Amino acid sequence: MLVVEDLEVRYQELRALQGVSLRVAEGDLVALIGSNGAGKTTMLNAISGLIPAASGRISWRGNSLVGLSPDRVCMAGVVQVPEGRKLFPKMTVEENLEMGAYLPAARKHLAESRKAVFEIFPLLAEREKQLAGSLSGGEQQMVALARAIMAKPGLLLLDEPSLGLAPVIAAEIFQVIEGLNRKGITALLISQEVLHSLNIAKYGYVLENGKITIHGKAGQLLDDQRIKESYLGL
Amino acid sequence: MNLTLVFQSMFSGIMMGSVFALLGIGFSLVWGVMKVINISHAAFGLLAAFMSYTLLNVWGIDPILSIAVSVPLLFLAACVIYRFLIAPLTKARDIIVPSMILTFGIAIILENLMLLIWSPDPRLLTTAYTSKVVILGPFYFQYPRIAGFLLACAGVVVIHMFLKKTYTGKAVRAAWQQRDAAQLYGVNLRWISMITFGLAVSSAAAGGVGMALLYSFEPHTHNLWLIYLFLVVIVGGVGSVLGAALAGLTIGIITGLSMAFLPYQWVNLLTFALLMIILIFRPQGLFQSEV
Ligand SMILES: Nc1ncnc2c1ncn2[C@@H]1O[C@H](COP(=O)(O)OP(=O)(O)OP(=O)(O)O)[C@@H](O)[C@H]1O
Ligand SMILES: [Mg+2]
């Protein structure tokens, strides 16, 4: 289980997260929604150790992640697919996947992970020798997900994995995420596609101006009047 | 114009240039990957040259073989320097200027150390083969230059293979291209930076010995070498191994040709004029960076 309690993150004066609490139970897929600038990326980066928490607790499977460097968080099995993909642009697709399996624990399973990834994304097998920076947006997002799968995550943190993609490709990405969750990977999913993400999630949290304002079962949130108005445009 | 002389000076230029490349690659890599402009890079190379000098004159060890001593020693020294002097700097947002000041200080310390140990006299690496030449048709090649050339080729290939084929080398490239993502997938930035710095200084050691095979040297010579390092980065682009290699060769050929056909005092003038032209028209360097 991922437990975040009273998390505070500041950028100088700005209190980007103001006492946020959230839980993701083992095996669940949880959606985190919120408008631009709400603090969603900040939340994931604090969990991953890219930015320090001013106060609060973060733990995964009972071990605290507070104060760990990002590589240590990865070692603990918490793997982020960052906003904007952040591939290694001048490395080939193959090398990007290898970097996903950089840590020894994942590297041991390099060959089987690669096979698994190519089963999910057959297109990537054809692109293997191409530079990641030369791929289309949809292909790049596939590489970003594939790289994360190579890391053998226990918990996946996904930051807007469908942003800027054509609807068909976005749907495919959501399908893959749902499939990974079915195979037992716990996931925290940030997405602007509220309907889509609540449809595949079990629980949902709404983040507004650095605070959680609404949370509950995904089905309930879909019926919630406030969410319908603010996020679904109904 | 005498065609034989043109080719002869081009060959000499390529041999010199390959050594510039070896000396410059690590400088460029550290600049690109770590955002550290290591002003002491050439001083480490010079220190290795002096070590070779002593090993040659006291124990008769060939300069090329003496690299087996200086490279590991300087690798360790570089790791220690990284850990205790450079790593603390990396907390700052922009470390280019502080790192220049720090490494300038290191260069001064090294220079004075060399003055103390080896005195200010100019030295030459005089081996049994120093005056030997290979003659091929109308061309002749001096042994020390051939040795320097082979050393440089080997060094460049080793660095290139390290970056392309080993996991650690790939992590170096990844950390440079996408720092955050590299960390998110388990790359320990400090460790990778230390390795990068250590390797760069090691390659400077090999390059310094290569330079010493070509030119005489004394404890201030690293200041002159430093100018060549900047040349390599300006021509080759920051952080690119291939760029640095090609830049070294280009600079070598230009220097070789101008030494053959221009009065001595024009050589540097021409080199720097070309440099300014490059800076004006292609500030990113002549060759695309690709690490
Ligand atoms: N590095 C930074 N320095 C200063 N302020 C920042 C920094 N990163 C984010 N912020 C601010 O913190 C707040 C939260 O930003 P964050 O990126 O977490 O939002 P988000 O919910 O991910 O938004 P988006 O949907 O646009 O990705 C915003 O007001 C943003 O301007
Ligand atoms: Mg964001």
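Note that the structure is a prediction, hence the values are computed from the model and not measured.

Trainee: So, the packing of helix H2 (residues 41-59) of chain B against helix H9 (residues 221-236) of chain B: which residues are in play, and what are the values?
Mentor: Residue and element names in this part refer to chain B. Their axes nearest at 8 Å, the elements H2 and H9 cross at an angle of 130°. The angle between H2 and H9 falls in the class oblique. Viewed along their axes, H2 and H9 form a crossing whose handedness is right-handed. The residues of H9 that touch H2, namely those facing His41, Ala42, Ala43, Gly45 and Leu46, are Thr221, His222, Trp225, Leu226 and Leu229. Split into classes, the residues belonging to the contact of H2 with H9 amount to six nonpolar, four polar and no charged.

Trainee: Outline the domain arrangement of chain A, listing residues and values.
Mentor: Reports of interface size often rely on the accessible area that becomes lost once the parts have come together. Residues and elements named next belong to chain A. When the domains of chain A are assigned, the result is domain 1 (1-77 + 155-234) and domain 2 (83-152). Its C-alpha centre places domain 1 at a distance of 23 Å from the equivalent point of domain 2. Listed as interface residues are 18 residues of domain 1 and, on the opposing side, twelve residues of domain 2. At the surface where domain 1 touches domain 2, the tally comes to zero salt bridges.

Trainee: Give a description of the nonpolar core that names residues and reports values.
Mentor: Counting 144 residues, the largest nonpolar core has Leu156(A) and Phe197(B) as the members making the most contacts within it. When residues of this core are assigned to their parent elements, the largest contribution, 14 residues, is made by helix H8 (residues 189-214) of chain B. Each of domain 1 (1-77 + 155-234) and domain 2 (83-152) of chain A gives at least three residues to this core. Here Phe197(B) is in contact with Val30(B), Met34(B), Asn38(B), Ala78(B), Ile81(B), Tyr82(B) and Ile86(B), once residues within four sequence places are set aside. Core analysis: the second largest hydrophobic core is formed by 27 residues, Leu44(A), Leu65(A), Val73(A) and Leu207(A) among them.

Trainee: Please set out the side chain of Arg147(A) residue by residue, giving values where relevant.
Mentor: With respect to the helices, strands and loops of the structure, Arg147(A) is situated in helix H7 (residues 137-150). Summary of buried charges: Arg147(A) has no salt-bridge partner, and the nearest side chain of opposite charge, Asp180(B), is 10 Å away. Polar side-chain contacts of Arg147(A) include one of 3.0 Å to the backbone oxygen of Arg85(A). Those residues in contact with Arg147(A), other than ones at most four positions away along the chain, are Pro82(A), Arg85(A), Lys86(A), Leu87(A), Phe88(A), Asn96(A), Leu97(A), Gly100(A), Ala181(B) and Tyr185(B).

Trainee: Tell me about the coordination of the magnesium ion (ligand 2), residues and numbers included.
Mentor: All names here are of chain A. Of the protein atoms, only Thr41 (OG1) and Glu83 (OE) coordinate the magnesium ion (ligand 2), at distances of 1.9 to 2.5 Å. You can see Thr41 sitting in helix H1 (residues 40-48) and its partner Glu83 sitting in the loop between strand E6 (78-81) and helix H3 (93-100), a full 42 residues away along the chain. A relative accessible area of 23% places Thr41 in the partly exposed class. According to the relative accessible area criterion, Glu83 is partly exposed, its value standing at 33%.

Trainee: Which residues make up the site of ligand 1, and what values go with them?
Mentor: Residues and elements named next belong to chain A. Close to ligand 1 lie 14 residues, the nearest being Gly37, Lys40, Thr41, Thr42 and Glu83. Within the contact set of ligand 1, an oxygen atom lies 2.8 Å away from a backbone nitrogen or oxygen of Lys40. Glu83 places a polar side-chain atom, nitrogen or oxygen, 2.6 Å from an oxygen atom of ligand 1. Taking 640 Å² as the accessible area of ligand 1 by itself, protein coverage stands at 61%. If you list the elements that add at least two residues to the shell around ligand 1, you get strand E2 (14-24) and H1. With three residues, the single largest contributor to the shell around ligand 1 is H1. In terms of residue class, the shell around ligand 1 is made up of four nonpolar, seven polar and three charged.

Trainee: Describe in detail the sheet that holds E6(A), supporting the description with residues and values.
Mentor: All names here are of chain A. On the basis of which strands lie adjacent, the open sheet formed by six strands has the order E6-E7-E8-E3-E9-E10 and mixed pairing. Single-partner strands in this sheet number two, and they are E6 and strand E10 (211-217). Across this sheet, the average inter-strand angle for adjacent strands is 15°, counted without regard to direction. The sheet contact formed by strand E3 (residues 29-33) and strand E9 (residues 203-208) spans four bridges and is parallel. Bridge assignment links Leu32 to a residue of E9, and that residue is Tyr205. Helix H8 (residues 167-182) rests against E3, strand E7 (155-159) and strand E8 (186-190) of the sheet, and its axis sits at about 155° to E8.

Trainee: Break down helix H6 (residues 167-177) of chain B for me, citing the residues and quoting the values.
Mentor: For H6(B), the buried fraction is high: ten of the eleven residues fall into the buried class. Taken residue by residue, H6(B) has Tyr167(B), Gly169(B), Lys170(B), Ala171(B), Val172(B), Arg173(B), Ala174(B), Ala175(B), Trp176(B) and Gln177(B) as its buried positions.

Trainee: Please provide a residue-by-residue account of the interface of chain B and chain A, values included.
Mentor: Residue-level contacts link 21 residues of chain B with 28 residues of chain A. A combined buried area of about 2,200 Å² lies between chain B and chain A, and 61% of that area is made up of carbon and sulfur atoms. Contact with chain A buries surface across chain B, with Tyr167(B), Leu184(B) and Tyr185(B) losing the most and accounting together for 42% of the total. Counting the contacts that link chain B with chain A gives three salt bridges. Between Arg173(B) and Glu95(A) there is a salt bridge; the shortest N-O distance is 3.1 Å. Between the two partners, chain B and chain A, sit seven residue pairs in polar contact (both at pLDDT 80 or more). Sorting the residues of the side of chain B that touches chain A by element identifies H6 and helix H7 (179-184) of chain B as the ones contributing at least two each. Ranked by residue count, the leading element in the side of chain B that touches chain A is H6(B), at six residues. Of the residues assigned to the side of chain B that touches chain A, the class counts are ten nonpolar, six polar and five charged.

Trainee: Can you break down the pattern of salt bridges residue by residue, with the values?
Mentor: Any two side chains of opposite charge can pair, so long as their charged atoms come close to each other. With the rule as written, the count across this model stands at 16 salt bridges over all chains. Put simply, Asp28(A) and Lys202(A) hold a salt bridge, and the shortest N to O gap is 3.4 Å. Of this pair, Asp28(A) sits in the loop between E2 and E3 while Lys202(A) is found in the loop between helix H9 (194-200) and E9, placing the two residues 174 residues apart along the sequence. For Asp28(A), a relative accessible area of 9% corresponds to the buried category. When its relative accessible area of 46% is taken as the criterion, Lys202(A) is described as partly exposed. Residue Glu98(A) is joined to Lys170(B) by a salt bridge in which the shortest nitrogen-to-oxygen separation is 2.4 Å. A residue pair is termed interchain when its members come from two chains, as with Glu98(A) in helix H3 and Lys170(B) in helix H6. When sorted by exposure, Glu98(A) lands in the same class as Lys170(B), which is buried. It is possible to trace a salt-bridge network through shared partners that takes in Glu5(A), Asp6(A), Arg23(A) and Arg57(A).

Rules behind the numbers
- Residues numbered from 1 in each chain as written.
- Chains lettered and ligands numbered in written order.
- Predicted model: local features only at pLDDT ≥ 70, side-chain atom pairs only at ≥ 80, totals over all residues.
- Heavy atoms only, no water.
- Axes fitted to C-alpha atoms, helices over the stretch in contact; angles between N-to-C directions.
- Helix = DSSP H or I, 4+ residues; strand = E, 2+ residues; numbered from the N terminus.
- Parallel < 35°, antiparallel > 145°, perpendicular 65-115°, else oblique.
- Left-handed = near helix turned anticlockwise from the far one by under 90°.
- Contact = heavy atoms within 4.5 Å.
- Nonpolar A, V, L, I, M, F, W, Y, C, P; charged D, E, K, R; others polar.
- Domains from an automatic or database assignment.
- Salt bridge = Lys/Arg side-chain N within 4 Å of Asp/Glu carboxyl O.
- Core = buried A, V, L, I, M, F, W, Y, C linked by side-chain atoms within 4.5 Å.
- Buried < 20%, exposed > 50% of the residue type's maximum accessible area, 1.4 Å probe, protein only.
- Lys, Arg positive; Asp, Glu negative; His and termini not counted.
- Polar contact = N/O pair within 3.5 Å; in protein donor to acceptor, adjacent residues only side chain to side chain.
- Donors = N, O, S within 2.8 Å, 3.2 Å for Na, K, Ca; no water.
- Near = heavy atom within 4 Å.
- Areas by Shrake-Rupley, 256 points an atom, 1.4 Å probe, with all protein chains shown as cover.
- Pairing = 2+ DSSP bridges.
- Buried area = accessible area lost by both parts, 1.4 Å probe.

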